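# Coordinates in review
Listed here are the chains, written in short residue letters.
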Amino acid sequence: MVNMKNSDAKAEVIIDLQNKGYDLDFTLNNEFLRCVQDGELISPDDFEIAETYLIQSEAQAGMPYVIYAIRSLHNGIKGILMTSYSGFMHGMSIRLWSKLAANLN
């Protein structure tokens, strides 16, 4: 996990990941990640986390968030999941939480 603390970090990380082919967006959907562009649901067993960034904005002290580079193991799609660190576990299955939290060390 990379810990970043500057106001431009979010944009820098997203542009870097997009340049590496992570061009889709994911959201949390209870037990799954949901691809925003096509609606596909991906279970925790069907993806890997390639990179993790903890962004601590100086402008919003105390409001860090996490950016994950996600790669599907079955169809090769790659995308980005952004989530608030403070609301990290809200509405998420323990399986999905365990997979994402393991990359916060």
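Here goes a summary of the coordinates provided.

Reading the values: the criteria
- Residues numbered from 1 in each chain as written.
- Predicted model: local features only at pLDDT ≥ 70, side-chain atom pairs only at ≥ 80, totals over all residues.
- Heavy atoms only, no water.
- Helix = DSSP H or I, 4+ residues; strand = E, 2+ residues; numbered from the N terminus.
- Buried < 20%, exposed > 50% of the residue type's maximum accessible area, 1.4 Å probe, protein only.
- Contact = heavy atoms within 4.5 Å.
- Areas by Shrake-Rupley, 256 points an atom, 1.4 Å probe, with all protein chains shown as cover.
- Pairing = 2+ DSSP bridges.
- Salt bridge = Lys/Arg side-chain N within 4 Å of Asp/Glu carboxyl O.
- Arc of directions from axis to C-beta.
- Phe/Tyr/Trp six-rings, centres within 6.5 Å; stacked < 30°, edge-to-face > 60°.
- Lys NZ or Arg CZ within 6 Å of the ring centre and 35° of its normal.

Moving on: the overall build of the protein. Helix and strand content of the protein: 2 helices and 7 strands. Reading the helices (α) and strands (β) of the protein from amino to carboxyl end gives β-α-β-β-β-β-β-β-α. The burial tally for the protein puts 39% of its 105 residues in the buried class. Considering only intrachain contacts with a sequence separation of at least 6, the fraction spanning at least 24 residues in the protein is 56%. Surface exposure of the protein reaches about 5,800 Å², of which carbon and sulfur atoms provide 50%.

Time to look at the pairing of strand β6 (residues 65-72). With respect to burial, β6 is a largely interior element, 7 of its 8 residues being buried. Summarising the sheet, strand β5 (residues 47-55) and β6 pair through 8 bridges and their orientation is antiparallel. Bridge pairing in β6 links Phe-47 to Ser-72. Here β6 runs beside strand β7 (residues 78-84); their pairing, made up of 7 bridges, is antiparallel. Along β7, the bridge assignment pairs Ile-67 with Met-82. Linking β6 back to β7 in an antiparallel pair, the connection comprises 5 residues, with Gly-76 at a positive phi of about 75 degrees.

To continue, consider the pattern of salt bridges. Counted according to the given criterion, the structure contains 4 salt bridges. Of the charged contacts, one joins Asp-45 and Arg-95 as a salt bridge, the two residues approaching to 3.5 Å between their closest N and O atoms. Here Asp-45, found in the loop between β4 (41-42) and β5, pairs with Arg-95, found in helix α2 (residues 94-101); they are 50 residues apart in sequence, far enough to count as distant. Asp-45 gets classed as exposed once you look at its relative accessible area, which sits at 56%. Sharing partners across several salt bridges, the network here consists of Asp-16, Lys-20 and Glu-51.

This paragraph deals with α2. Taken as a whole, α2 has its buried residues at Leu-96, Leu-100 and Ala-101. Axial view of α2: buried residues confined to an arc of 120 degrees, hence all on one face. Looking at the buried residues of α2, the elements they touch are β2 (24-29), β3 (32-35), β5, β6 and β7.

Attention now goes to the packing of aromatic side chains. For the structure shown, the criterion picks out 0 aromatic pairs. Seen from the ring of Tyr-65, Lys-10 lies directly overhead, with NZ or CZ sitting 5.7 Å from the centre. Taking the ring centre of Tyr-22 as reference, the NZ or CZ of Lys-78 above it sits at 4.6 Å.

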